[in-house]
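# Topology and contacts: notes
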Amino acid sequence: MNRIAIAVASTPLFAWLHLSDVHFGHPKIEHRRDQDLVLDALRDDVVDQIKIGVAPKPDVIVVTGDIAFRGAREDYEKARAWLSDLARLVRVTAHDIFAVPGNHDVDRSVDAANRNAARLVGALRDGREEGLDAALERPEDRQLLELRMTAYLDFARAWPSIQQPGPHAWRHDRLAREGLRVRLVGLDTALLSADDFDLAKLRLGKGAFARTLTRRADGELVVALTHHPFSGGWLGDEREADAELRSRAHIHLSGHVHEASSVNTRSGSGSGFLQISAGAVHGDATTRSVRASHGYNFAAVVAGPDGGLRVRVWHRRWIDEKRAFRKDPVNAPADVAHAEHEVAGVRLPSATVGEPAVSSSGAGLKKK
């Protein structure tokens, strides 16, 4: 049998569907009509890949920001309807949907209408204020920052698992298969987004880590979600944020750059860190001659032969000539459907690890 046809070789302990940069509410009508077609094809591709056993049925759906294009309420009404429909098709509930905001989820029109909000954001971006952690502790400042994300925060309330300790830094703990404990963490890198010149102006601070990533248990797999990657200089405190995350999490899921990748790095001490970037579900063409790229991915944690963990990533890329999603040839070996990475530092709690089992076929999923 072809290796691609049996890509899901062992039962996933925990699996997710990773979406990013959907951009509901784009101002150009041509873009929105094309988006309708691409989103329809994505929905069908998700269901098909699960049905034929290439990709795993997800336990959760994660969305790493830029759900809307301009942070408007009507954009999120469309996003909520589409995401709810996709969740129904893959048989997950509202409790299994996890999201963080991106720079396009900030309503920039608030800064023009509210000079206090604009002054605060400008001062925090330029380092003229005490810092983002201090601003979030002051009720009046926090209110000004959240005013710019009112529509996103209303959208986020539809998903119960991303509310504690708060919508800007949340954590959710769950027990996966074979006793594996998984901690999902969402960190808001977009609070200070203001314009097309966000590079090095954004901040995350220490409070987000203190509220979500302390007291990690032995054998616990920690998966963090942000919109911006912790590379490329988007965060003014990028170096500190990256060091904190690498010391406390195993996997980092992000978006923003519109290019898919999965990269596993290992330090001299032997600790590993896996970074997975989703392509844009619906991106913009960069020039008239360069078409927009669209993509998403599935991922699954599986048991290795020694009781350690491995992560498989199925990157899916839009092929415009086919008007369909296909395996991303850039991010997987030629003869298999997925990339595979070791997760360092986490083992299954059980002493014995059974033989790999053939995954379920996804029977019962509905296409329409």
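Summarised in this report is the structure supplied together with it. Please read all numbers here as calculations on a predicted model, not as lab measurements.

Turning to the overall build of the chain, a few remarks are in order. Each helix and strand in the chain was counted, giving nine helices and 14 strands. Put simply, the chain has 368 residues, and 55% of those count as buried. Taking all contacts inside the chain whose residues are at least 6 apart in sequence as the whole, residues at least 24 apart take part in 74%.

This part is about the environment of Arg-317. In this fold, Arg-317 is placed in strand 12 (residues 308-319). Taking the C-alpha atoms as reference points, Arg-317 and Pro-329, 12 residues apart in sequence, are found 8.4 Å from one another. Setting aside chain neighbours within four positions, we find Arg-317 in contact with Glu-259, His-294, Gly-295, Ala-324, Phe-325, Arg-326, Asp-328, Val-330 and Asn-331.

Our next topic: the side chain of Gln-49. The residue Gln-49 is located in helix 1 (residues 29-51) in this model. Not counting residues within four places of it along the chain, the set of residues in contact with Gln-49 comprises Val-54, Ala-55, Tyr-296, Phe-298 and Arg-316.

The next thing to look at is the pattern of salt bridges. One pass over the structure, following the stated rule, counts 33 salt bridges. In this structure, the salt-bridge partner of Glu-220 is Arg-183, at a minimum N-O distance of 3.1 Å. Of this pair, Glu-220 sits in strand 7 (residues 220-225) while Arg-183 is found in strand 6 (residues 181-187), placing the two residues 37 residues apart along the sequence. Of the two residues examined, Glu-220 and Arg-183, each falls in the buried class. With its nearest N and O atoms 3.1 Å apart, the salt bridge here joins Lys-206 to Glu-244. Here Lys-206 is found in the loop between strand 6 and helix 8 (207-212), whereas its partner Glu-244 is found in helix 9 (residues 238-248), with 38 residues between them in sequence. Residues joined by salt bridges that share partners form a network here, namely Asp-40, Arg-43, Asp-44, Asp-85 and Arg-88.

What counts, and at which threshold
Residues numbered from 1 in each chain as written. Predicted model: local features only at pLDDT ≥ 70, side-chain atom pairs only at ≥ 80, totals over all residues. Heavy atoms only, no water. Helix = DSSP H or I, 4+ residues; strand = E, 2+ residues; numbered from the N terminus. Buried < 20%, exposed > 50% of the residue type's maximum accessible area, 1.4 Å probe, protein only. Contact = heavy atoms within 4.5 Å. Salt bridge = Lys/Arg side-chain N within 4 Å of Asp/Glu carboxyl O.

These results come straight from atomic positions and should not be treated as a statement about function.
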